[in-house]
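As a plain string of letters, each chain reads:
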Amino acid sequence: MPIPAIHDPAGSSSLLQLAQAVAPERTAEHGPALSPVAPPMGFEGDLFGWLDRWLELIGQELKVAIAAVPDIPTAVATAASNATGALGGTTAIFLALVSTVLAGALLVVFRSWTGGTREGGLDQVACRAGATRLLVWDVIDRLVFAALLISLGRMLVGGWNMETNLASSVIRCAIRWYAVMIIAQVVLRPHRPRYRLLPITNQVARTAMILTGIIAAISVIGPTVIPVLVRNGMPWPPAMGMALILLTASATLAAVTVHVLANGMQRVLGAAGRNLFALVGTVLAVGFDVLWAISIVLRQFGVFTAVLTTFGVIGAYAMIDATLGLETGRDAGSRTRMVRRTFRIGALFLMPYVLGEVWFARSGALPMDFWVSVRLAILYGGGTAFAGFVAWELTDYWAARSIGQTPRIDPFNPSDDDAEMAPASRLATFFPMARVLMAIMITLIAGLLALSNLGVNIAPLLAGAGVFGLAISFGSQSLIRDILSGVFFLGDDAFRVGEYIDTGRLKGTVEQISLRSLRLRHQNGQVHTIPYGQLQAITNFSRDWATMKFNLRIDPNVDLEHVRKTVKKVGLAMMEDPELGRELIQPVKLQGVADIQDNALVIRIKFTARPGRPTWVQREALKRIHLAFREQGIAFASNAVTVRDVEYGQVPPSAGFPIAVARTPAAAPVLGAAAAAGLAATAAAAAAERG
């Protein structure tokens, strides 16, 4: 018999409407049982009377369903005999079961073949980095099983109809059951407690998994098999009784499962939390049972489908988000963190569309023409905004992975006393400014396109933005100057994050670059914020290499060749040091005599090092030179003054005035600078008295 097309503008077809559209002659045969239920009139101010009429109507239909329970076996047998297939009803059902078993066996082979890819390294990792991988493979398993079962069913069963063939319902039951079980698989994870979303033991997880499998089987069999039986001549009262029996069993097992999970989580939730969890779960199970019973009695399933879809969408969102949260890394550039943010924003745009489609379109609450316009606006506007967000997330993720984070010095860590901030790359320096510009550009473009798709005329907005930009450019000339100066400075690669620069008035390490200003960190800890427009000449101390020169004052009587060889040995030893050798480009060496003073020779020592830590290398060089000079007997210059004993009143010919000093022993001691100054003052006073 040809199957007529079912046209339902509101999308709220009931089982009765489907049966009447598919098999009108069988519907006419059982007319009294399949006649629609006439709803009670409006309550007209008498709310309680209206509720009484509704309850009376529901009670009458329940009595009819309960009275038809003994007729269920006969009705099922009669309808099943009418559900013929290409090879006969019983044979087709048997072949459908064989196809299901073969598809399951092939799925086991597929899981074994891909076991290394899906589960490789999951037991060795210290974190939960494989939760998303397991979820993806769970989805792939369902798709593979569905493809295998449909292919085998068509090959073994032959031509079969999805609406009236009972063998096809067997295949659909298997596919739907395995698809629904992905929720229990992801939430419970009986064999992988590390990736389990609920804090329960393995035994509780296995028990809940078994109960959930039975509940899913009962919940799938009813909506899949009963419509096929009704289309093949099963009277409505036995079908209604069969659906109520299956639903009651499913709700009872659901309440038992909730209590099992609540007892398993009592250690985490506590007694009060356990009771609350059990109460909420039981109320939801009983509520679904009551709603399903009312829908069956009234033969309208729009509200029940909407409620079930709402809970399903929210549960799927929570499940996927929790799975992504298991392996979200701590770093901002984590790929899973980026995927989780993108998923949340995508769900924020998609959930209103799905829920609106279920609640308004299929229930007929809104006119179809109006809903089509609203649906297109949600799809186009939300899709454009979501595309802009994805573009931004990909850009930010690429920057975090490619550019990375610039290391910073911790001033409270004693081990970082000699640390220097590593200079960032040119791209890492320029990207903070480019990041702001890209964020503004993506936001403006996505926002304007979304408004345009929603039907808003954006031409006045563009004109107003042009006028506003012109006013900003005239009123904030210093701001424009700072921004343009910063662009040119960065374009010339004058400085980068982490480099030490001198701006003429202020100096420090470049710590942050913004759109308008530069932030420097002085070596003493102060922070300087300088607008780009105030920068004139910039001296960069962190490029390529740095030559350090410093002077030492040694005794005039030392051998300079001995000093040169000693300094050279120190320089070679520093070049061989594993830590210092990485910093030195040219070794420490004696450049020569820089100055000759009265009591000292001033020698100059130099070396060339990388620009990161030259001051640390200089401190190490001074420490090693001091030790080497002490070992080699090389004396440093002294500021001491030598005073010789002369006769009273006799002054050396070189003196410009007579000096009188007290007689001292023949061997004159070496006095300090303060004593010499005192003697000089005494001599000057004596000369003044003579004068």
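A few points on the structure. Because the structure is predicted, anything quoted here is derived from the model rather than measured.

## Side note on the overall build of the chain
Part 1 of the argument: Per the secondary structure count, the chain includes 21 helices and 10 strands.
Part 2 of the argument: Out of the 691 residues in the chain, the part that is buried amounts to 36%.
Part 3 of the argument: Summarising the internal contacts of the chain: among those between residues at least 6 apart in sequence, 66% fall at separations of at least 24.
Part 4 of the argument: Summed over its atoms, the accessible surface of the chain is roughly 38200 Å², and 64% of this surface lies on carbon and sulfur atoms.

## Structural notes on a nonpolar patch on the surface
Part 1 of the argument: A surface patch of nonpolar side chains, about 350 Å² in accessible area, is lined by Leu276, Val280, Leu284 and Phe311.
Part 2 of the argument: With 3 residues, helix α12 (residues 266-298) is the largest single contributor of residues to the nonpolar patch.
Part 3 of the argument: Topologically, valine 280 is positioned in helix α12.

## Topic: α12
Part 1 of the argument: The terminal C-alpha atoms of α12, which comprises 33 residues, lie only 40 Å apart, well short of the 48 Å expected from a rise of 1.5 Å per residue.
Part 2 of the argument: At alanine 272, α12 shows its maximal bend, which comes to roughly 85°.
Part 3 of the argument: Three or more residues of α12 are buried, namely Arg274, Ala278, Gly281, Ala285, Asp289, Trp292, Ala293, Ser295, Ile296 and Val297.
Part 4 of the argument: At the exit of α12 stands arginine 299, carrying a positive phi of roughly 60°.

## Describing the nonpolar core
Part 1 of the argument: Counting residues in hydrophobic clusters, the biggest one holds 27 residues, and the most contacted among them are Leu229, Met234, Met240, Trp292 and Ile296.
Part 2 of the argument: Of all elements in the fold, only α4 (47-67), α5 (72-82), α9 (166-188), α10 (202-231), α11 (236-264) and α12 reach the threshold of two or more residues within this core.
Part 3 of the argument: Take this core: its biggest share by element is 7 residues, from α11.
Part 4 of the argument: Aside from chain neighbours lying at most four places away, what touches methionine 240 is Glu61, Ala65, Ile296 and Val297.
Part 5 of the argument: Core analysis: the second largest hydrophobic core is formed by 25 residues, Ile554, Leu601, Ile603 and Ala609 among them.

## Quick look at the packing of aromatic side chains
Part 1 of the argument: Tallied over the full model, the rule gives 8 aromatic pairs.
Part 2 of the argument: Ring centres of phenylalanine 145 and tyrosine 178 lie 5.1 Å apart, and the angle between their planes is 65°; this geometry places the pair in the edge-to-face category. One end of the pair, phenylalanine 145, is in helix α8 (residues 131-156); the other, tyrosine 178, is in helix α9, with 33 residues separating them in the sequence.
Part 3 of the argument: Arranged with centres 5.5 Å apart and planes meeting at 40°, the rings of phenylalanine 629 and phenylalanine 636 form a pair that is tilted.
Part 4 of the argument: Note on phenylalanine 636: relative accessible area 32%, which makes it partly exposed.
Part 5 of the argument: Here the aromatic residues Phe110, Trp113 and Trp137 are joined through ring pairs into a cluster of three or more.
Part 6 of the argument: Taking NZ or CZ as reference, arginine 142 lies 3.9 Å from the ring centre of tyrosine 178, over its face.
Part 7 of the argument: It is arginine 613 that lies over the ring of tryptophan 616; its NZ or CZ is 4.2 Å from the centre.

## Points about the sheet that holds strand β8 (residues 601-609)
Part 1 of the argument: In spatial order, the strands read β6-β8-β7; together these 3 strands make up an open sheet with antiparallel pairing. The open sheet has two edge strands, β6 (546-554) and β7 (584-596), and neither has a second partner. Pairs of neighbouring strands in the sheet enclose a mean axial angle of 20°, with direction left out of account.
Part 2 of the argument: As paired elements, β7 and β8 share 8 bridges and run antiparallel to each other. Bridge pairing in β8 links glutamine 586 to threonine 608.
Part 3 of the argument: Against the sheet, helix α19 (residues 560-576) makes contact with β6, β7 and β8, and its axis sits at roughly 160° relative to β7, the strand it touches most.
Part 4 of the argument: Lying on the sheet, helix α20 (residues 614-632) is in contact with β6, β7 and β8; it crosses β6 at an angle near 30°.

## Concerning the side chain of threonine 608
Part 1 of the argument: Its location among the elements puts threonine 608 in strand β8.
Part 2 of the argument: Its relative accessible area of 7% is what places threonine 608 among the buried residues.
Part 3 of the argument: In this structure the side chain of threonine 608 is engaged in a polar contact, spanning 3.3 Å, whose partner is the side chain of threonine 547.
Part 4 of the argument: Excluding residues that lie within four positions of it along the chain, threonine 608 makes contacts with Trp545, Ala546, Thr547, Leu584, Ile585 and Gln586.

## A closer look at the pairing of strand β3 (residues 517-521)
Part 1 of the argument: As judged from the 4 bridges shared by strand β2 (residues 507-513) and β3, these two strands associate in the antiparallel manner. Residue pairing in the sheet places glutamine 512 in a bridge with arginine 519 of β3.
Part 2 of the argument: Counted along the chain from β2 to the antiparallel partner β3, the turn is 3 residues long.
Part 3 of the argument: As paired elements, β3 and strand β4 (residues 527-531) share 5 bridges and run antiparallel to each other.

## Observations concerning the pattern of salt bridges
Part 1 of the argument: In this structure the tally under the stated criterion is 14 salt bridges.
Part 2 of the argument: Notably, a salt bridge pairs glutamate 561 with arginine 564, separated by 2.4 Å at the nearest N-O pair. Pair noted here: glutamate 561 and arginine 564 are both in helix α19, with a separation of 3 residues, about one helical turn.
Part 3 of the argument: Residues glutamate 620 and lysine 623 are paired through a salt bridge, measuring 3.4 Å at the closest nitrogen-oxygen approach. Note that glutamate 620 and lysine 623 are positioned in helix α20 at a spacing of 3 residues, about one turn of the helix.
Part 4 of the argument: Connected via shared salt-bridge partners are Asp493, Arg496, Glu499 and Arg543.

About the criteria used
Residues numbered from 1 in each chain as written. Predicted model: local features only at pLDDT ≥ 70, side-chain atom pairs only at ≥ 80, totals over all residues. Heavy atoms only, no water. Helix = DSSP H or I, 4+ residues; strand = E, 2+ residues; numbered from the N terminus. Buried < 20%, exposed > 50% of the residue type's maximum accessible area, 1.4 Å probe, protein only. Contact = heavy atoms within 4.5 Å. Areas by Shrake-Rupley, 256 points an atom, 1.4 Å probe, with all protein chains shown as cover. Patch = residues over 30% accessible without salt bridge, like charges linked within 9 Å, V, L, I, M, F, W, Y side chains within 5 Å. Salt bridge = Lys/Arg side-chain N within 4 Å of Asp/Glu carboxyl O. Expected span 1.5 Å × (residues − 1). Bend = angle between axes of the 7 residues up to and from the residue. Core = buried A, V, L, I, M, F, W, Y, C linked by side-chain atoms within 4.5 Å. Phe/Tyr/Trp six-rings, centres within 6.5 Å; stacked < 30°, edge-to-face > 60°. Lys NZ or Arg CZ within 6 Å of the ring centre and 35° of its normal. Pairing = 2+ DSSP bridges. Axes fitted to C-alpha atoms, helices over the stretch in contact; angles between N-to-C directions. Polar contact = N/O pair within 3.5 Å; in protein donor to acceptor, adjacent residues only side chain to side chain.

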